[in-house]
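# Close look at the chain arrangement
Residues per chain are reported as follows:
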Amino acid sequence: MGDSPTWTAAPAAAERARSVLAAAWSCAVTADGGREEFVGAHTVGEDGRVVLDVPADSTLLAAAVRAPRGEPSAVLEFADVSPVPVRHRIRARLWMAGWFSVEDAGEGERLAFRPTRVVLHQTSGATVVDLDAFTAAAPDPLATAEAGLLTHLADCHGDAVERLTRLVEPDSLHGAVRVQPVAVDRHGLTLRIERARAHGDVRLAFHQPADTVSQLTERMRTLLTQAGAACPRALQRQRADGDG
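Summarised in this report is the structure supplied together with it. Since the structure is predicted, the reported quantities are computational estimates derived from the model, not experimental observations.

## Topic: the nonpolar core
- Core analysis: the largest hydrophobic core is formed by 31 residues, its most contacted members being Leu52, Phe78, Met96 and Phe100.
- Secondary structure elements with two or more residues in this core: helix 1 (13-23), strand 1 (26-31), strand 4 (50-54), helix 2 (59-66), strand 5 (74-81), strand 6 (90-104) and strand 7 (109-122).
- Counting 26 residues, the second-largest nonpolar core is a separate cluster that includes Leu142, Val182, Val202 and Phe206.

Here it is, written out as structure tokens:
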């Protein structure tokens, strides 16, 4: 009992939304009946304002100029994709409705987007994020490093991932064909347990939050120590293309 994690907090919706926004490399914009995809074209302010660099002949720019100021003129969509190859890699989607204002950026134009509605959709369902909370929130401190951390864990430390399954309830491992790290934040590590025809996620909470990569390393060592003291649990490897 004393060796089990006691820190059970998870990211609030506003923090999770800001983390998706901070880590996203691309976004889709729907405005004036059209849809455009932008890759590597946006930056995010501390208050959650999104700035897009667009060509001067962009149809999005024309739509932003025509829209009445303060009226919802566009919807931005961001996808949170697992960096580790797993089933159903999209972990969350973030939708932001709001309006653009035009800023002069010298060559081309810059559009500043201010949200009037923020919706976070996760596997647990959709949540309307309070705008004041969204503005005040900060992204998870590990958000931009998460992809590298997870791929390193999956590619180079598969033995450690399997050892961590000792901390998972046996019922959750029944019929497992593969276990992969699918998410990590300051509060804990999430494992994706894949079965022949289904999957589920299990969260291993840290005993204290990790605000830096070095702190995360210490929290992972603690989990592995706990796992080392637990009884080994052989995964029931079933064929992914059959009934097992």
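## Observations concerning the pairing of strand 11 (residues 199-205)
- Pairing geometry for strand 10 (residues 188-195) and strand 11, over seven bridges, is antiparallel. Looking at the pairing, Leu191 lines up with Val202 of strand 11.
- Linking two consecutive strands that pair antiparallel, namely strand 10 and strand 11, is a turn of three residues.

## Comments concerning the side chain of Ser19
- Following the sequence through the fold, Ser19 ends up in helix 1.
- Since its relative accessible area comes to 9%, Ser19 is described here as buried.
- Other than its neighbours up to four places away in sequence, Ser19 contacts Pro139, Asp140 and Ala143.

## Some details on the sheet that holds strand 9 (residues 176-185)
- In spatial order, the strands read 9-10-11; together these three strands make up an open sheet with antiparallel pairing. Looking at which strands have only one partner, the edges of the open sheet turn out to be strand 9 and strand 11. On average, each strand axis in the sheet is tilted by 25° relative to the strand beside it, whichever way the strands run.
- In the packing of helix 4 (residues 146-156) onto the sheet, contacts are made with strand 9 and strand 10, and the angle to strand 9 comes to roughly 150°.

## Structural notes on the environment of Arg197
- Structurally, Arg197 is set in the loop between strand 10 and strand 11.
- Residues Arg197 and Ala176, 21 residues apart in the sequence, show an inter-C-alpha distance of 10.0 Å.

## Comments concerning helix 2
- All of the buried residues in helix 2 are Leu60, Leu61, Ala63 and Ala64. The buried residues of helix 2 occupy one face: seen down the axis, they fall within an arc of 160°. Opposite the buried face of helix 2, by more than 90 degrees, sit the exposed residues Thr59, Val65 and Arg66.
- Where helix 2 begins, the side chain of Ser58 points an oxygen toward the backbone nitrogen of Leu60, at a separation of 3.1 Å.

## Concerning the side chain of Glu15
- Following the sequence through the fold, Glu15 ends up in helix 1.
- The charged side chain of Glu15 is buried without a salt bridge, its nearest counter-charge being Arg186 at 4.9 Å.
- Apart from the residues within four sequence positions on either side, Glu15 is in contact with Ala137, Ala138, Pro139, Asp140, Arg186 and His187.

Scoring rules and cut-offs
Residues numbered from 1 in each chain as written. Predicted model: local features only at pLDDT ≥ 70, side-chain atom pairs only at ≥ 80, totals over all residues. Heavy atoms only, no water. Core = buried A, V, L, I, M, F, W, Y, C linked by side-chain atoms within 4.5 Å. Buried < 20%, exposed > 50% of the residue type's maximum accessible area, 1.4 Å probe, protein only. Helix = DSSP H or I, 4+ residues; strand = E, 2+ residues; numbered from the N terminus. Pairing = 2+ DSSP bridges. Contact = heavy atoms within 4.5 Å. Axes fitted to C-alpha atoms, helices over the stretch in contact; angles between N-to-C directions. Arc of directions from axis to C-beta. Polar contact = N/O pair within 3.5 Å; in protein donor to acceptor, adjacent residues only side chain to side chain. Lys, Arg positive; Asp, Glu negative; His and termini not counted. Salt bridge = Lys/Arg side-chain N within 4 Å of Asp/Glu carboxyl O.

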